[in-house]
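# Structural overview for review
One-letter residues, chain by chain:
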Amino acid sequence: SSYPSSKLIAYCGTFLLEKQGIPLETLHSERRVYFSNQQEHSEAAMYQRGVTTLSLILGETHDQNTWVVRFYKSPGLLFIWGGCFLIAVGFFVSF
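These numbers come from a predicted model, not from an experiment. (Residues numbered from 1 in each chain as written. Predicted model: local features only at pLDDT ≥ 70, side-chain atom pairs only at ≥ 80, totals over all residues. Heavy atoms only, no water.)

## Thoughts on unusual backbone geometry
Under the convention used in this document: For helices the rule is a DSSP run of H or I covering at least 4 residues; for strands it is a run of E covering at least 2, with both sets numbered from the N terminus onward. For the exposure calls, accessible area comes from a 1.4 Å probe over protein chains only, and a residue counts as buried if that area is under 20% of its type's maximum, exposed if over 50%, partly exposed in between.
Phi is positive for Gln 20, close to 55 degrees, though the residue is something other than glycine. You can see Gln 20 is positioned in the loop between strand 2 (8-19) and strand 3 (22-34). The exposure class assigned to Gln 20 is exposed, which follows from its relative accessible area of 77%. The phi dihedral of Gln 38 falls on the positive side, at around 55 degrees, and the residue is not glycine. Within the fold, Gln 38 resides in the loop between strand 3 and strand 4 (40-43). Its relative accessible area of 56% is what places Gln 38 among the exposed residues.

## Thoughts on the packing of aromatic side chains
Our working rule: Side-chain rings of Phe, Tyr and Trp, where Trp is taken by its six-membered ring, are said to pair if the distance between their centres is within 6.5 Å; with planes under 30 degrees apart they count as stacked, over 60 as edge-to-face, and otherwise as tilted.
Applying the stated criterion to the full structure yields three aromatic pairs. Judged by centre distance (5.2 Å) and plane angle (75 degrees), the ring pair of Phe 91 and Phe 92 falls under edge-to-face. Take Phe 92: its relative accessible area is 61%, and that puts it in the exposed class. An angle of 85 degrees between the planes, with centres 5.0 Å apart, marks the rings of Phe 91 and Phe 95 as edge-to-face.

## Some details on the pairing of strand 5 (residues 45-49)
Short version of the rule: For two strands to pair, DSSP has to find at least two bridges joining them.
Bridging between strand 5 and strand 6 (residues 52-63) involves five bridges; their strand directions are antiparallel. For Arg 49, the partnering residue across the bridge sits in strand 6 and is Thr 52. Counting the residues in the hairpin turn of strand 5 and strand 6 gives two residues, including Gly 50, whose phi is positive at 65 degrees.

## Considering the pattern of salt bridges
Our working rule: Only one rule defines a salt bridge in this text: a Lys or Arg side-chain nitrogen within 4 Å of an Asp or Glu carboxyl oxygen.
Scanning the entire structure with this criterion turns up five salt bridges. Residue Glu 30 is joined to Arg 32 by a salt bridge in which the shortest nitrogen-to-oxygen separation is 2.4 Å. Judged by relative accessible area, Arg 32 falls into the partly exposed class, the value being 22%. Between Glu 60 and Arg 70 there is a salt bridge; the shortest N-O distance is 3.4 Å. Linking Glu 60 in strand 6 with Arg 70 in strand 7 (residues 66-75), this pair joins segments that are ten residues apart in sequence. Of the residues examined, Glu 60 reaches a relative accessible area of 35% and is grouped as partly exposed. For Arg 70, a relative accessible area of 32% gives the class partly exposed. Each of Arg 31, Glu 40, Glu 60 and Arg 70 takes part in salt bridges that share partners, so that together they form one network.

Structure, rendered in structure tokens:
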């Protein structure tokens, strides 16, 4: 679906995430086109399960009814934040 405004037009995609036929989550991704500078911007839909992050991005259009959809699985992405925390603790301990 899409919704227009005076500054942009947004295309919204709704996706059902399932595991073995059991619904887990409904994800909403969005693609925005701004009129002022003709830039396009994507809003990713994200799902967190344990330390794994699943991202779904609504991409470019090929024609009126066909879209590129990108799906990324990032295992261990939360460990990056843990590393940042350890660096900060090490900084304060060093004084």
